[in-house]
Amino acid sequence: MPPRRPADSAQAPSPTPLSRLADLHGVATSYEPSPGRTVAASDTALVAALAALEVDAGTPDAVRAALAAREDALKGRLLPPTVVSWGEGAPAALAALPDGTRLRIVTEQGETRARPEQLPPGVHALHAAAPDGRTADVHLVVAPARLPAPPGRAYGLLVQLYSLLSRRSWGMGDLGDLGELTAWAGRALGAGFVQVNPLHAAVPGAPTDPSPYRPSSRRYPDPVHLRVEDIPEYAYADGCDRSLLERAERLRDSVLTEGALIDRDAVWELKREALEAVRAVPLGPGRRAAYADFLAEEGEALEDHATWCALAELYGSDWRRWPAGLRDPRSSETARARGELMDRVDFHSRLAWLTDAQLAAAQRAARDAGMAVGLVHDLAVGVHPDGADAWAQQEYFAAGMSVGAPPDAFNSRGQDWGLPPWRPDRLAASGYAPYRRLLRALFRHAGALRIDHVMGLFRLWWIPQGHPPTEGTYVRYDAEAMLAILALEASRAGALVIGEDLGTVEPGVRETLQSRGVLGTSVLWFERDWDGDGLPLPPERWRADCLATATTHDLPSTASRLTGDHVELRDRLGLLTGSLEQERAAAAADAGEWLALLARLGLLRGASGGCAAVSEEAEIQAVHRFLLRTPARLVGVWLPDAVGDRRPQNLPGTWDQYPNWRLPVADAEGRPVTLEDLAASPRLHALIDVVRGRTAGDRAVRDGTGAADGSGPRDGMAAGDRTGARDGAGAADGRGAGPVPEAGGKTAGTPV
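Residues numbered from 1 in each chain as written. Predicted model: local features only at pLDDT ≥ 70, side-chain atom pairs only at ≥ 80, totals over all residues. Heavy atoms only, no water.

S.K.: What is the right way to look at the overall build of the protein chain in this model?
M.R.: For the protein chain, the helix and strand inventory stands at 22 helices and 21 strands. In the protein chain, which comprises 752 residues, the proportion classed as buried is 58%. Here the contacts in the protein chain between residues at least 6 apart in sequence split such that 73% fall between residues at least 24 apart. When the accessible surface of the protein chain is summed, it comes to about 29700 Å², and 52% of that surface belongs to carbon and sulfur atoms. (Helix = DSSP H or I, 4+ residues; strand = E, 2+ residues; numbered from the N terminus. Buried < 20%, exposed > 50% of the residue type's maximum accessible area, 1.4 Å probe, protein only. Contact = heavy atoms within 4.5 Å. Areas by Shrake-Rupley, 256 points an atom, 1.4 Å probe, with all protein chains shown as cover.)

S.K.: I tried to follow unusual backbone geometry on my own but got confused; where do I start?
M.R.: As a rule of thumb, non-glycine residues mostly have phi less than zero, and peptide bonds are mostly trans rather than cis. Following alanine 206, the chain continues to proline 207 via a peptide bond in cis, the omega torsion being -5 degrees. Structurally, proline 207 can be placed in the loop between strand 10 (200-201) and strand 11 (217-221). The backbone of tyrosine 432 sits at a positive phi, close to 60 degrees, despite the residue not being glycine. In this structure, tyrosine 432 sits in the loop between helix 12 (424-429) and helix 13 (433-443).

S.K.: Please clarify how the pairing of strand 1 (residues 30-34) should be interpreted in this entry.
M.R.: Moving residue by residue along a regular strand, the side chains alternate between the two faces of the sheet. Sheet topology places strand 1 next to strand 2 (residues 37-40); three bridges connect them, and they run antiparallel. When the sheet's bridge partners are listed, serine 34 is paired in strand 2 with arginine 37. Linking two consecutive strands that pair antiparallel, namely strand 1 and strand 2, is a turn of two residues; a positive phi of about 85 degrees is found at glycine 36 within it. (Pairing = 2+ DSSP bridges.)

S.K.: What is the right way to read the packing of aromatic side chains from this model?
M.R.: Aromatic ring pairs: the centre-centre distance and the angle between the two ring planes describe each pair. One pass over the full model with this rule turns up 12 aromatic pairs. Measuring from centroid to centroid gives 6.1 Å for tryptophan 422 and tyrosine 435, while their planes differ by 80 degrees, and the two rings are edge-to-face. Placement of tryptophan 422 in the loop between strand 14 (415-419) and helix 12 and of tyrosine 435 in helix 13 is noted, with a sequence separation of 13 residues between them. The interplanar angle of 65 degrees and the centroid separation of 5.7 Å between the aromatic rings of tryptophan 542 and phenylalanine 626 together place this pair among those described as edge-to-face. Taken together, the residues span a long stretch of sequence, with tryptophan 542 in the loop between strand 19 (520-523) and strand 20 (546-549) and phenylalanine 626 in helix 19 (residues 616-629) at a distance of 84 residues. The pair tryptophan 542 / phenylalanine 626 is uniform in exposure class, with both members buried. One aromatic cluster is present, built from ring pairs that chain together Trp525, Trp542, Trp594 and Phe626. Here the guanidinium or amino end of arginine 350 rests over the ring plane of tyrosine 291, the centre of that ring lying 5.1 Å away. It is arginine 459 that lies over the ring of tyrosine 474; its NZ or CZ is 3.6 Å from the centre. (Phe/Tyr/Trp six-rings, centres within 6.5 Å; stacked < 30°, edge-to-face > 60°. Lys NZ or Arg CZ within 6 Å of the ring centre and 35° of its normal.)

S.K.: Would you mind showing me how to read the environment of alanine 62 here?
M.R.: Looking at the element boundaries, alanine 62 is found in helix 3 (residues 60-76). On the accessibility criterion, alanine 62 (14% relative accessible area) is buried. Placed 44 residues apart in sequence, alanine 62 and leucine 18 show a C-alpha to C-alpha distance of 9.7 Å. Each residue touching alanine 62, except ones within four places of it in the same chain, is listed here: Asp56 and Ala57.

S.K.: Would you mind showing me how to read the nonpolar core here?
M.R.: As a rule of thumb, nonpolar side chains are buried together in soluble globular proteins. Formed by 69 residues in total, the largest nonpolar core has its most connected members in Tyr435, Trp462 and Leu486. A total of 10 residues in this core trace back to one element, the largest contributor, which is helix 14 (residues 479-493). Beyond its immediate stretch of four places on either side in the chain, leucine 486 contacts Leu147, Tyr435, Leu439, Phe443, Ile451, Leu457, Val497 and Val518. Residues Leu161, Leu524, Leu537 and Phe626 belong to the second largest nonpolar core, which totals 59 residues. (Core = buried A, V, L, I, M, F, W, Y, C linked by side-chain atoms within 4.5 Å.)

S.K.: Please explain the pattern of salt bridges as it appears in this structure.
M.R.: Charged atoms that come close allow side chains of opposite charge to pair. Taken as a whole and assessed by the stated rule, the structure comprises 51 salt bridges. A salt bridge links glutamate 249 to arginine 242, with the shortest nitrogen-to-oxygen separation between them at 3.9 Å. Each of Glu300, Glu303, Asp304, Arg330 and Arg338 takes part in a single network of salt bridges with overlapping partners. (Salt bridge = Lys/Arg side-chain N within 4 Å of Asp/Glu carboxyl O.)

S.K.: Whenever I open this one, helix 10 (residues 342-368) confuses me. Can you help?
M.R.: At 3.6 residues per turn, the α-helix brings residues three or four places apart onto the same side. Across its 27 residues, helix 10 extends 38 Å between first and last C-alpha, which sits within 8% of the 39 Å expected from 1.5 Å per residue. Summarising burial for helix 10: 19 of the 27 residues are buried, a large majority. (Expected span 1.5 Å × (residues − 1).)

S.K.: Is there a simple way to think about the packing of helix 6 (residues 242-256) against helix 7 (residues 264-279) in this case?
M.R.: To characterise two packed helices, one gives the angle between the axes of the helices and the distance between these axes. Contact geometry of helix 6 with helix 7 gives a least axis separation of 11 Å together with a crossing angle of 165 degrees. By the angle between their axes, helix 6 is roughly antiparallel relative to helix 7. As for how helix 6 packs across helix 7, the hand of that crossing is left-handed. Between helix 6 and helix 7, the residues in contact are Leu244, Arg247, Ala248 and Leu251 and Ala266, Val267, Leu270, Glu273 and Ala274, respectively. Residues that form the contact of helix 6 with helix 7 fall into these classes: seven nonpolar, no polar and two charged. (Axes fitted to C-alpha atoms, helices over the stretch in contact; angles between N-to-C directions. Parallel < 35°, antiparallel > 145°, perpendicular 65-115°, else oblique. Left-handed = near helix turned anticlockwise from the far one by under 90°. Nonpolar A, V, L, I, M, F, W, Y, C, P; charged D, E, K, R; others polar.)

S.K.: Just checking my understanding: could you explain the sheet that holds strand 18 (residues 496-499) for this structure?
M.R.: For sheets, the rule is that strands pair by backbone hydrogen bonds, running either parallel or antiparallel. The parallel open sheet is built from eight strands, whose spatial order is 18-15-12-9-8-21-20-19. Looking at which strands have only one partner, the edges of the open sheet turn out to be strand 18 and strand 19. The mean inter-strand angle of the sheet, taken between neighbouring strand axes irrespective of direction, is 25 degrees. Direction of pairing for strand 12 (residues 374-379) relative to strand 15 (residues 448-451): parallel, over a ladder of four bridges. Bridge pairing in strand 15 links histidine 377 to leucine 449.

S.K.: What is the right way to read the pairing of strand 19 from this model?
M.R.: Of the two faces of strand 19, both are covered, the one formed by Gly520 and Ser522 as well as the one formed by Thr521 and Val523. Alignment of strand 19 against strand 20, held across four bridges, turns out to be parallel. Residue pairing for strand 20: glycine 520 is matched across the bridge by cysteine 546.

S.K.: Where do I start with helix 2 (residues 43-52) in this structure?
M.R.: By the criterion of burial, helix 2 is predominantly enclosed, with nine of the 10 residues buried. Listing the buried residues of helix 2 in full gives Asp43, Thr44, Ala45, Leu46, Val47, Ala48, Ala49, Leu50 and Ala52.

S.K.: Hey, could you run me through the packing of helix 18 (residues 580-600) against helix 19 in this one?
M.R.: Two elements in contact, helix 18 and helix 19, have axes whose closest approach is 10 Å; the angle formed by their N-to-C orientations is 70 degrees. Relative to helix 19, helix 18 is oriented roughly perpendicular. The handedness of the crossing between helix 18 and helix 19 is left-handed. Counting all contacts with helix 18, which are made through Trp594, Leu595, Leu597 and Leu598, the residues of helix 19 involved are Glu619, Ala622, Val623 and Phe626. Of the residues belonging to the contact of helix 18 with helix 19, the class tally is seven nonpolar, no polar and one charged.

Don't take any of this as a statement about function, it's just geometry.
What follows is the structure in structure tokens.
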């Protein structure tokens, strides 16, 4: 192996054969954890990343041979494997072809063209033949220049679905609850959207990893979210008697009244029993035809997913420990096993169909309720290495690698999220086929898609397995192609895209995302003038193209932040890096600066708009008045904030020390709050009145339909245009905003 370079250097070292080889394969040789400081990647990291791309760099001779081969390949290459056209003339790659090069383009629609201009949107097959005899067969992505834009300003609710139990839930929130929430929020509250956590299929096992950000599959939702009683065949199932509902009631009551945590495994055990009975009921002719259409549409992807689920029942969820022949989804052994297990394969295929139908019903309920956007689904960064996607698509994943984050000022050890990264070379060679199929599935029943760690479209921190995060390096993706595919699929669905761009963001990334119409995420506590005095950023200086919120699932609730409870919690768990007194003082100063700004702007009032002394509830209302003063196109209300919940849903840096992803929505005293309780909560309605610009007098005439009168004060927000996202290039208008800062750029985000 080549000699190891120093880990940190003030000046960029001279290029070496290894560094040149890495650069030619998109492997970064250094990174900047903070402005003005460059850290060199170790040779160990470079060699491992190249090995994951099937490039041997283990010895000096191997490096020289690989470098020569790569240089020759690039020199002789006529075109890259995927070419992007934004519909703005011929792409640069095609314009640079030698004179006399002949093109043949076969579009998705089956037409044959000889020129790249005025092509329909899609991923087309391009054949190029140069006069010197070189040829190329590549993918040509034609995408709209910008993604769909919000139809108008709107606010919505943010919630972790599992945490929202109703009096009909079986121990955790489900898709029936989601449909009720969207119908109520749209009709009674004038909300424009509801954003939920990833509903991806989890890796089965006891205990199941409760994190929605480490799924088995991102393409298929988890059937644990099914409302079993809403399945048409449920009424005819022999095994679904009163005793089953009584067990479901006991499970629900244990969470709502006895202080139990949400137990996903117990919920699934009960639902699986019911679903086995439901499946025994024959489908009617119309339902059977619909199921057959779903199977045909999903094809091999669903067959793979259902086969993995069936094999996992026999051999466990870690496919790498299965019999050797079954580790390959295309092997004859797997085909034989699929045939032998066809009954179980059909069961899991049926569950995917039923879940898809209930997701469709939830989005339909949202749009019927007048929501301009409807459901906002969440796309996790990656998948569990043991799960269905990693098995079925293993040729697209970098073996022996994990995604994470490099060390920075907030985490000197870095982060390892335990998710295998996609290989950029394999994605490009396929025309981004798995990425396209994934997006299409998620947009299917969504008005918008939130992309966790959206910076991953540009680069990801690859960590060799068995090594600490400090031994990783960045690997680049073709961001133009990733964005083009995103724009193409979002436009086909008429859906918005919200990028979670918190934490350390490479210069230029936010600007590129904004130029293509990807909305950012701005969280109040991170919006400070980092390049100036460090004070809270005035509302007029916030960016317009974003979802503005007070908090997220990975952060303290607003009540906890304002009271300092989050410091006490971290102290009890031994997570503080400084003394308790220091942390208390820092948290109080942080909150105090924001409260001072709110007071100067005249946003702090008595609770519910009265003249009483300022309370915690009034401070939370003031925070949301502030969000409305910004030009943000979307404003999100974290649903637990509406009832004063003090507990975070996830506390990064903990595993079993804290019940991450297992807490129901609760009030300020920690009592679980059902969906029915929320609908009747005076505190929630008072906060929503603030968001909508309504007064106590307006509430007196509320008739249950929640129709906004449009006469609220300037801080309020109506439901917005109800016609759905525009198809065009609605650029941010700034609306008086000053220079757009890098929001939240001083804190490290964590997607898991």
